Amino acid sequence: MDTPQQSLSRLAGIGPQSVARLQKLGIHCIQDLLFHLPHRYEDRTRIQPIGALAPGMTALIVGAVELTDVLLRGRRSLICRISDQTGFITLRFFHFSANQQTQLKPGALLCCFGEIRHGYAGLEIIHPEYKVVHTRDNLTEDSLTPIYPLTEGLRQNTVRKAVKQALALCLHQLTDWLPAAILHSHHFPTLQQALQTLHSPPAHQSSHDIQQSSALKRLVFEEFLAHHLRMLQGKMSHKRWQAPVFEVDPAVKARFLAGLPFQLTGAQQRVIGEIETDCAQHHPMLRLVQGDVGSGKTVVAACAALSALSSGFQVAVMAPTELLAEQHLRNFSAWFAGFDCEPVFLTGQLKGKARQQTLQSLADGGARIAIGTHALFQDSVHFANLGLIIIDEQHRFGVHQRLALREKSQAIGLRPHQLVMTATPIPRTLAMLQYSDLDISIIDELPPGRKPVTTSVIPSERRDEVIDRIHHWVGQKRQAYWVCTLIEESEVLQCEAAEKTAEYLSDALPEIRIALVHGRMKSADKDAVMQAFKNHRYDLLVATTVIEVGVDVPNAGLMIIENPERLGLSQLHQLRGRVGRGDVESYCLLLYQSPLSAAGKQRLGILRESNDGFVIAEKDLQLRGPGEVMGTRQTGQMQFKIADLNRDSELLEQIPAAAEIIYKQHPEAVSALIERWIGESGQYAEV
Ligand SMILES: Nc1ncnc2c1ncn2[C@@H]1O[C@H](COP(=O)(O)OP(=O)(O)OP(=O)(O)O)[C@@H](O)[C@H]1O
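Procedures and definitions
- Residues numbered from 1 in each chain as written.
- Predicted model: local features only at pLDDT ≥ 70, side-chain atom pairs only at ≥ 80, totals over all residues.
- Heavy atoms only, no water.
- UniProt positions renumbered as here; feature names shortened; annotations may be inferred.
- Patch = residues over 30% accessible without salt bridge, like charges linked within 9 Å, V, L, I, M, F, W, Y side chains within 5 Å.
- Areas by Shrake-Rupley, 256 points an atom, 1.4 Å probe, with all protein chains shown as cover.
- Salt bridge = Lys/Arg side-chain N within 4 Å of Asp/Glu carboxyl O.
- Lys, Arg positive; Asp, Glu negative; His and termini not counted.
- Charge placed at Lys NZ, Arg CZ, Asp CG, Glu CD.
- Buried < 20%, exposed > 50% of the residue type's maximum accessible area, 1.4 Å probe, protein only.
- Axes fitted to C-alpha atoms, helices over the stretch in contact; angles between N-to-C directions.
- Helix = DSSP H or I, 4+ residues; strand = E, 2+ residues; numbered from the N terminus.
- Left-handed = near helix turned anticlockwise from the far one by under 90°.
- Contact = heavy atoms within 4.5 Å.
- Phe/Tyr/Trp six-rings, centres within 6.5 Å; stacked < 30°, edge-to-face > 60°.
- Lys NZ or Arg CZ within 6 Å of the ring centre and 35° of its normal.
- Near = heavy atom within 4 Å.
- Polar contact = N/O pair within 3.5 Å; in protein donor to acceptor, adjacent residues only side chain to side chain.
- Nonpolar A, V, L, I, M, F, W, Y, C, P; charged D, E, K, R; others polar.
- Domains from an automatic or database assignment.
- Disulfide = S-S within 2.5 Å.
- Pairing = 2+ DSSP bridges.

The name given to the protein in an unreviewed UniProt entry is ATP-dependent DNA helicase RecG, and the organism recorded there is Methylomarinum roseum. One UniProt comment on the protein, placed under Sequence similarities (unreviewed entry), says "Belongs to the helicase family. RecG subfamily."

This is how it looks when you write it as structure tokens:
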């Protein structure tokens, strides 16, 4: 009996060459072919009257040749005018043979298919598909003609014929893993109906209708579901590991909190509670803390670290940049000063003996807290008893880096708890797809006394006014940032731009102490400049986007961002989050390059209107679409076979509930769906 898993060579017309070409498209068996959906359709189900044609239409027409001629003026071409009772149209061929010229003789009846466009003398079709016919009968198809994605050497007709056979042989054998209740509540067709419809849609439907059809939505739903289930499966398998159990000593915690220069907000306390509850279990925590810029994530991380430390385990804190790692080092060193656990610092810059000593102290357990960059997960780093991993700014690390660090506590046979912190609020719908392997906590409250940053959108012609404003501001003993952005990812160009701007500003503001920081400076120099700025030895810091994260100078309350139109809204919000960290008024001036498009104005307007990162992220999502927003994240980028985030994101809302039903009531469907849509190994390593 034929099965969906059977080789493609079973199909008539599919020889070894076609098999190899189909494999390039990821099609290895008959089932794969059934899930290889057309990316568009052509309507050859009816013959259009020539008089009803309009530019942009793709149409099947039948007409008699009136005249054929070779034009020598302009680009040499063969033209052929055909007509029916309703009108005429020109067919134009730039490549043609003598044979073609004779074939298209006046009086011949042609059946043509192609895209209609405006030509020199009315409507025309360039290089139509055509054949000479004798009658107008039997020229149409019963259903829309599918156009499949191809690879070099593979022909539409080969795929069409193969799919037709596959449908006949194996469609009825595919298992529909969506339970009837889900099909019913979403008004979805069965898997068989959906695939049949998409491979040969009924006549009189447009490609647009099919994009919106319940047949396609059903399959997209299934694909989203498979990805969600894959992440849930990862989470469940992670939870099966044993983890160290933390016990928080109330006296130690009270002493720690008393040493802080502020009181925790309600949201901070709640999130710390959630973390402590997780870490008191025998199974590893996997939690994402989302907090808006300046919401105080660092101290939440420090409290988590305290639970690990007071339970006798080591902590690793990993940041995406040295600047941010250094800032964490300063904070942790200050907060843990009386706790006998001086953090060690590990970045790629640390070399030689100092590095050896650091590695040794982590391996023998002498060092209790390690703070650093991705250097922390290099093979040479071993921990004596790592109990907690804190990763800041999740989206900059790949999932794999996250996993590598986790392996580092194999020595004690336990899996460490993981806390991931991000300042980039992720819209709920996207979080569902991207982070369903993590539990999520949200710090939705800013420390008291924070005033919203007043944001203005200013054209660069008014640069002089902005410079006056800096002059006045610095006169009040306050500090400011000037951020240079460039669209190119090139750090060299960014640094050059920042250097030029710093020179220009030094000329314009000779009385002001200006410092420069950019990504190509040595880390020690960068650190020295930042530290000096923090100590108010400079008034104005000219910087590239390196200051996006990690900079915390409450006295700096004015930020100018040059060419803000080149950055995403979330990135701008991050940058702006460097000001407004104290309790005095602060300002952000978005100095754009004119002319700015209406869409650009609208985007920057959102920042002027809102200071809430979650609102901004949602608006960004609405404006740019989920495809773009997800595309900019480096982690968990998913390759969908048929889903299109921009078209289908409204389905995402319903995925978690469906996933839960399947997980609980139809566990056998979980792996089957994952295998069908993601492949056996899945896209993600085991989480
Ligand atoms: N409860 C609080 N009350 C007052 N100040 C606080 C509180 N919590 C944190 N802070 C201070 O707020 C500032 C911002 O905190 P932190 O740097 O942890 O923010 P963050 O959430 O990491 O923000 P970002 O992502 O923008 O770096 C710091 O100066 C910190 O000391």
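Here the narrative resumes, following the displayed structure.
A few words now on a negative patch on the surface. On the surface, Glu-496, Glu-499, Glu-503 and Asp-507 cluster together to form a negatively charged patch. Under the relative-accessibility criterion, Glu-503 is labelled exposed at 56%.

On to the packing of helix H8 (residues 214-239) against helix H24 (residues 667-678), then. It is at 8 Å that the axes of H8 and H24 come closest, and there the two elements cross at 115 degrees. Crossing hand, H8 versus H24: left-handed. From H8, Leu-219, Glu-222, Glu-223, Leu-225, Ala-226, His-227, Leu-229, Arg-230 and Gln-233 reach across to H24, where they touch Val-670, Ser-671, Leu-673, Ile-674, Arg-676, Trp-677 and Ile-678.

Our next topic: the packing of aromatic side chains. Going through the model one piece at a time under the given rule, you end up with 12 aromatic pairs. Geometrically, the ring pair formed by Phe-246 and Phe-313 is tilted, given 5.8 Å between the ring centres and 35 degrees between the ring planes. Of this pair, Phe-246 sits in the loop between H8 and helix H9 (250-259) while Phe-313 sits in the loop between helix H11 (297-310) and strand E11 (314-318), and the two are 67 residues apart along the sequence. Classification of Phe-246 by relative accessible area gives buried; the value is 3%. One aromatic cluster in this structure is built from Phe-256, Phe-332, Phe-336 and Phe-339. Here the basic side chain of Arg-81 rests over the ring of Phe-88, its NZ or CZ set 4.5 Å away from the ring centre. The ring of Trp-241 has Arg-415 sitting right over it, with the charged end atom 3.6 Å from the ring centre.

The environment of the ligand is made up of 18 residues, and the closest members are Gln-263, Thr-298, Arg-450, Asp-552 and Arg-578. Here Gln-268 contributes a side-chain N or O atom positioned 2.9 Å from a nitrogen atom of the ligand. A distance of 2.8 Å is found between an oxygen atom of the ligand and a backbone nitrogen or oxygen belonging to Gly-294. Residues that form the shell around the ligand fall into these classes: five nonpolar, seven polar and six charged. Inspection of the shell around the ligand shows a minimum of three residues originating in each of domain 3 (250-443) and domain 4 (454-610).

Counted under the stated rule, the structure contains zero disulfides. No disulfide involves Cys-80; its nearest neighbouring cysteine sulfur is the one of Cys-112, lying 7.4 Å away. The thiol of Cys-341 is not disulfide-bonded; the next cysteine sulfur, from Cys-303, is found 13 Å away. On the basis of relative accessibility, which here comes to 6%, the residue Cys-341 falls in the buried class.

You can see Ala-180 is positioned in helix H5 (residues 180-186). Among the residues examined, Ala-180 registers a relative accessible area of 60% and is labelled exposed. A sequence separation of 138 residues divides Ala-180 from Met-318, and the C-alpha atoms of the two residues are 46 Å apart.

Strand order in the open sheet made by the six strands is E17-E22-E21-E18-E20-E19, with parallel pairing throughout. Two strands lie at the open edges of the sheet, namely strand E17 (454-459) and strand E19 (514-517), each paired on one side alone. When the angles between neighbouring strand axes are averaged without regard to direction, this sheet yields 20 degrees. Sheet topology note: the strand E18 (residues 479-483)/strand E21 (residues 556-562) ladder contains five bridges and is parallel. Bridge assignment links Ala-480 to a residue of E21, and that residue is Leu-558.

This paragraph deals with the sheet that holds strand E6 (residues 117-119). Strand order in the open sheet formed by seven strands is E6-E7-E4-E3-E2-E5-E8, and the pairing between neighbours is mixed. Looking along the sheet, the strands with just one partner apiece sit at the ends: E6 and strand E8 (129-133). Geometrically, the sheet is characterised by an average inter-axis angle of 45 degrees between neighbouring strands, direction not taken into account. In terms of strand pairing, strand E3 (residues 77-84) meets strand E4 (residues 87-93) through seven bridges, oriented antiparallel. Across the sheet, residue Ile-79 finds its bridge partner in E4, namely Arg-92.

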